[in-house]
Amino acid sequence: MVVAPARLKPRTGPHQIVGFRTGNEMAAISAKQINFHVMGYYPITPSTEVAELVDEMKAAGEHNIVMVPADGEHSAAGICFGAAAGGGRVFNATSSQGLLYQLEELPVQSGTRYPMLLDLATRTVSGPLDIRGDHSDVYYALNTGWLIFMARDPQAVYDLNLIALRVAERADVRLPAIVAFDGFFTSHQKRRVLTFAEDDTVREWLGPVLEPVKALDPRHPVTIGPYMNDPDLINNKYQLERAMDAALAAFPDVVAEYEALSGRCYPPVDLYRMDDAEVAVFLLNSAAQTAKDVVDRLRAEGVRAGVLSPNVIRPFPAGAIRDALRGVRAVLIGERSSSYGAHGATLTHEVKSALKDDPENRTLCLSRVYGLGGRDFYPEDAEEFFRLTLQAAQRDTVDVPFDYYGVEAGDPEKLRPLGGTPPLTREEMTTGLVKVRPRPDGRLDVEAPPYWELATKPKRVAPGHGACPGCGIFPALDQFLRGIEGDVVVLYQTGCAMVVSTGYPYSSHRVTYLHNLFQNGAAALSGLVEVFHERVRRGELPAGTDITFLMVTGDGGMDIGMGSAIGAALRVHGMIMLEYDNQGYMNTGSQLSYSTPLGHMTSTSHVGPAELGKAFHHKDTAQIMAATNMPYVFTGVEGYPDDLVAKAAKAQWYAQNQGTVYGKVLITCPLNWKTEERVGVEIVQAAVDSCFFPLYEVERGITHITYDPEPIGRRVPVADWLKLMGKTKHLCQPGTEATLALIEDEVQRRWLRLKAMNDHPLL
Ligand SMILES: Cc1ncc(C[n+]2csc(CCOP(=O)(O)OP(=O)(O)O)c2C)c(N)n1
Ligand code: SF4
Ligand SMILES: [Mg+2]
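A few points on the structure. (Residues numbered from 1 in each chain as written. Chains lettered and ligands numbered in written order. Predicted model: local features only at pLDDT ≥ 70, side-chain atom pairs only at ≥ 80, totals over all residues. Heavy atoms only, no water.)

Here we come to the overall build of the protein. Check the secondary structure of the protein and you find 27 helices and 29 strands. Against the compact-globule benchmark of 27 Å for 763 residues, the protein has a radius of gyration of 29 Å, which places it among compact chains. Dimensions of the protein along its principal axes, counting C-alpha atoms only, are 90 × 65 × 55 Å. Here the protein holds 763 residues, and the buried ones make up 56% of them. Intrachain contacts of the protein at a sequence separation of at least 6 include 78% that bridge at least 24 residues. Looking at the protein, you have 73 positive and 92 negative side-chain charges, and the mean spots of the two groups are 1 Å apart. (Helix = DSSP H or I, 4+ residues; strand = E, 2+ residues; numbered from the N terminus. Rg over C-alpha atoms; globule rule 2.2 N^0.38 Å. Buried < 20%, exposed > 50% of the residue type's maximum accessible area, 1.4 Å probe, protein only. Contact = heavy atoms within 4.5 Å. Lys, Arg positive; Asp, Glu negative; His and termini not counted. Charge placed at Lys NZ, Arg CZ, Asp CG, Glu CD.)

Taken together, 22 residues lie near ligand 1, and Glu 73, Gly 556, Gly 557, Tyr 580 and Asn 587 sit nearest. For ligand 1, a nitrogen atom lies 2.6 Å from a polar atom in the side chain of Glu 73. At 2.8 Å from an oxygen atom of ligand 1 is found a main-chain nitrogen or oxygen belonging to Gly 557. Expressed as a share of its isolated accessible area of 590 Å², the protein-covered part of ligand 1 is 98%. For the shell around ligand 1, a count of residues per class yields 9 nonpolar, 11 polar and 2 charged. (Near = heavy atom within 4 Å. Polar contact = N/O pair within 3.5 Å; in protein donor to acceptor, adjacent residues only side chain to side chain. Areas by Shrake-Rupley, 256 points an atom, 1.4 Å probe, with all protein chains shown as cover. Nonpolar A, V, L, I, M, F, W, Y, C, P; charged D, E, K, R; others polar.)

Next up on the list: the site of ligand 2. Taken together, Ala 467, Cys 468, Cys 471, Ile 473, Cys 496, Asn 582, Cys 669, Pro 670, Leu 671 and Asn 672 form the complete shell of residues around ligand 2. Looking at the shell around ligand 2 element by element, the count peaks at 3 residues for helix α24 (residues 670–673). Counted by class, the shell around ligand 2 contains 8 nonpolar, 2 polar and no charged residues.

This paragraph deals with the sheet that holds strand β13 (residues 330–335). On the basis of which strands lie adjacent, the open sheet formed by 6 strands has the order β9-β11-β10-β13-β14-β15 and mixed pairing. A single partner strand is all that each edge strand has here, and the edge strands are β9 (269–272) and β15 (402–404). Here the strands of the sheet are splayed against their neighbours by 20° on average, with no regard to which way each runs. Pairing between β9 and strand β11 (residues 305–310): 4 bridges, direction antiparallel. The partner of Asp 270 across the bridge, within β11, is Ser 309. In the packing of helix α12 (residues 346–356) onto the sheet, the strands contacted are β10 (279–282), β13 and β14 (364–369), and the crossing angle to β13 comes to about 150°. (Pairing = 2+ DSSP bridges. Axes fitted to C-alpha atoms, helices over the stretch in contact; angles between N-to-C directions.)

This part is about the environment of Ala 622. Tracing the backbone through its elements, the reader meets Ala 622 in helix α22 (residues 621–626). Taking relative accessible area as the criterion, Ala 622 reaches 1% and is therefore assigned buried. Ala 622 sits 74 residues away from Tyr 696 along the chain, and the two C-alpha atoms are 9.7 Å apart. Setting aside residues no more than four positions away along its own chain, Ala 622 makes contact with Val 633, Thr 635, Lys 664 and Tyr 696.

On to the nonpolar core, then. A general trend in soluble globular proteins is that nonpolar side chains are found buried together. Counting 54 residues, the largest nonpolar core has Met 39, Leu 147, Phe 149 and Ile 163 as the members making the most contacts within it. Those residues in contact with Ile 163 that sit more than four places away from it in its chain are Trp 205, Phe 251, Val 254, Val 255, Tyr 258 and Tyr 266. (Core = buried A, V, L, I, M, F, W, Y, C linked by side-chain atoms within 4.5 Å.)

Here we come to the packing of helix α1 (residues 23–34) against helix α7 (residues 154–168). As a packed pair, α1 and α7 sit with axes 7 Å apart at the nearest point and diverge in direction by 35°. Regarding α1 and α7, the two cross each other, and that crossing is right-handed. Contacts between α1 and α7 involve Gly 23, Met 26, Ala 27, Ile 29, Ser 30, Gln 33 and Ile 34 on the former and, on the latter, Pro 154, Gln 155, Val 157, Tyr 158, Asn 161, Leu 162 and Leu 165. Residues that form the contact of α1 with α7 fall into these classes: 9 nonpolar, 5 polar and no charged. (Left-handed = near helix turned anticlockwise from the far one by under 90°.)

Using the criterion set out here, one finds 6 cavities of 30 Å³ or more in the structure. Of all the elements in the fold, those that place two or more residues in the lining of the largest cavity are α22 and α27 (737–759). Broken down by element, the residue count for the lining of the largest cavity peaks at 5 residues, all from α27. Looking at side-chain class alone, the lining of the largest cavity contains 9 nonpolar, 5 polar and 6 charged residues. (1 Å grid on protein atoms, 1.4 Å probe; cavity = no way out; pocket = protein on both sides within 12 Å on 5 of 7 lines; lining within 4 Å. Points joined across faces, edges and corners; volume = space filled by probe spheres on them.)

What follows covers the coordination of the magnesium ion (ligand 3). For the magnesium ion (ligand 3), the protein coordination sphere consists of Asp 555 (OD), Asn 582 (OD1) and Gly 584 (O), at 2.0 to 2.1 Å. When its relative accessible area of 5% is taken as the criterion, Gly 584 is described as buried. (Donors = N, O, S within 2.8 Å, 3.2 Å for Na, K, Ca; no water.)

Evaluated as defined, the whole model comprises 22 aromatic pairs. Their ring planes at 75° and their centres at 6.2 Å tell us that Phe 402 and Tyr 404 sit as a pair that is edge-to-face. Judged by relative accessible area, Phe 402 falls into the partly exposed class, the value being 26%. Residue classification places Tyr 404 among the partly exposed positions, given a relative accessible area of 31%. Over the aromatic face of Phe 616 sits the side chain of Lys 614, whose NZ or CZ is 4.0 Å from the ring centroid. (Phe/Tyr/Trp six-rings, centres within 6.5 Å; stacked < 30°, edge-to-face > 60°. Lys NZ or Arg CZ within 6 Å of the ring centre and 35° of its normal.)

Following the criterion strictly, the structure yields 48 salt bridges and no others. Its salt-bridge partner being Glu 699, residue Lys 650 comes within 2.8 Å of it at the nearest N-O pair. Here the residue Lys 650 occupies a position in helix α23 (residues 641–657), and Glu 699 occupies one in strand β28 (residues 695–699), the gap between them amounting to 49 residues. According to the relative accessible area criterion, Lys 650 is buried, its value standing at 7%. Through salt bridges with shared partners, a single network forms among Asp 276, Glu 278, Arg 299 and Arg 304. (Salt bridge = Lys/Arg side-chain N within 4 Å of Asp/Glu carboxyl O.)

This next bit is on helix α9 (residues 232–262). Helix length check: α9, at 31 residues, gives a terminal C-alpha distance of 43 Å against a target of 45 Å (1.5 Å per residue), a fit within 8%. Approximately 40° is the largest bend angle found in α9, and it occurs at Ala 250, with the proline Pro 252 only one to four residues beyond. (Expected span 1.5 Å × (residues − 1). Bend = angle between axes of the 7 residues up to and from the residue.)

What follows concerns the layout of surface pockets. Taken as a whole, the largest pocket holds about 1,000 Å³ of empty space. If you trace the largest pocket, you find 32 residues lining it, with Thr 124, Gly 127, Pro 128, Leu 129 and Asp 130 closest to the centre. Put simply, the parts of the chain that give the lining of the largest pocket at least two residues each are α6 (136–140), α18 (496–501), β19 (502–503) and β21 (512–515). Top element by residues in the lining of the largest pocket is α6. It accounts for 3 residues. Of the residues assigned to the lining of the largest pocket, the class counts are 13 nonpolar, 14 polar and 5 charged.

A few words now on the sheet that holds strand β2 (residues 38–41). Within the open sheet, the 7 strands sit side by side as β3-β2-β4-β5-β7-β6-β12. Their pairing is mixed. Each of the sheet's edge strands pairs with one partner strand only, and the pair in question is β3 (66–69) and β12 (312–314). On average, adjacent strands in this sheet sit at an angle of 20° to one another, irrespective of strand direction. In the packing of helix α3 (residues 73–85) onto the sheet, the strands contacted are β2, β3 and β4 (90–94), and the crossing angle to β4 comes to about 165°.

Quick look at the structure:
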């Protein structure tokens, strides 16, 4: 390629250092240099690393950003709004579902005119779930009133973060800004980059934070976000529209200032060899870089080709695009998103409408949706795009104005059942080995054979899933399912258990399996339960059909999905919710969850001079769920199979006869607990014997401890458990006594309370 996307060598100006970094790293470095007041965040691939790196730098004492791990993106965006309303400089990073889950908050932020910065590592929107990169998420933000900048490489992520904030905070703009870069292509690929050597250079460039109408001045009380009907609301939106205009007008000046400072220039539209271009492609972000290489090749063959790629899409630089296409005979607008049924994705229509405003313009437009789900875009693909434009230019007509590019005919082979393990029969699964009987005192008696006898029952999850060696999820799940008779339908919330057991076209599940969004499994399963009973009642399903409905969730799923789970319990749907607690968000790379205990090290609760692991105590999910007054709540671990089987049998009976059941099962995660695979059972045993994770049940409101280590002399200090894991070893070192004491006190406080509840049926 002849011309670099942005000049990397500053001629003058402050000292810059050369690095080799990813887009996520550049996002984190810019955040650290800006020294935001607050970062409210929630992890989601591929943007998670941004918060992880900012937290790592925090632990090392490199900045003062207050890191607030939210319970979901909706809350993360709420945290950001509140912090911005307090006059803070605020940062967030997300992707895909994370953006959609907070979408509702975005117009609130822009409608109240509080600037902030949101970095978006773009990713395909579910469903089906796909973690790779396209632009379907950022397209949802187009109508939210946020400024949207497009960063095509890691350098642009850094630069546009600084530019975006300057534009966003201008007194005549005051709008929040998204900087969007391609998930994985940019978020994870390293490039040669420059960053300012001194943080002060960045802070001086931004200047002091804009003093907005803020919520922290009691002498000047203000009402933020009043109820507003017509005729005022339209005025509010009109002002927002004017702010967009102001941002577009200010952009060239801000960019010119930044060029003087850094040597790198970001005009509203990046034009590559467009001066005399006859054919062109319009592409966003990394794909545009690929197309530039192809332009050089075509130019060598005498084809006057060019690429245009906007650095900003909100406000949409219609004028610059119109000017750039003035002499172009055909342009192909390629988009990594669709607007189903609209005969072209959104920017296709915006480009077309920009051209329509020029009566002289004769450019032919082709629109192609490409690269969905992270499908790669190679030089050959750019070549094909140019071939289509050349064909249109030669014929002076467009044969197929809109189409998908890169769609393949399905493989008929895949339509045939793949074989593997056959479906389970009801007879196989109805063994009569486990019996449940109600007792006169209202509790249940369970009669079960020794655990080894239950081994004759086929497994409901087939071998061959992709869990890490030593992972406790499936052994624990298998033990639990052995206590359940008959047919089971499972719903998995997003998490390791889901990710490692399905991958189109394969599945490890021998029973019917359903996946819904990370946070909404309980709601979906309650719908399924209700339609099941109604269809049986209407005679649409055979009388006597019986199914046990089981939701499997991680501990993280019970942070973001807590509302949905509590809702299902309060509505008393007959189903079991089973949480496997591995004390963190493990499939996204071990970030803290609210079930992560105090002081534990995760990738968002680092250990360093300025931070000692997670800053607050673990969530007592079982007690929260018990407070819904559901008929049965229990805890369990893999190391006590008889206990877990008995609890499973009770869970099934209560789900079928009385309502919702909740179970929390502690399982080992050797990968992220940093332990050897073979010591998993020893660790959960120590968690139980230290009374960190007591085994108990709350049956129709009455608490019973089902295993008490104290009378049998097995109680061990909490440190005996913590020293077994790499993630907590630091808590057993000199200098961390205070944190260890806090953990011990909290464990003891909760244990004594549980014992009191065990001893007093009215508690
Ligand atoms: C709205 C939304 N936010 C974030 C994510 C990303 N995400 C998927 S699974 C997961 C963590 C799951 O943690 P947990 O439930 O504890 O299961 P584990 O991975 O530990 O098995 C996260 C953060 C998502 N899919 N959707
Ligand atoms: S990361 Fe942990 S929980 Fe996930 S599959 Fe691996 S061991 Fe199991
Ligand atoms: Mg987890």
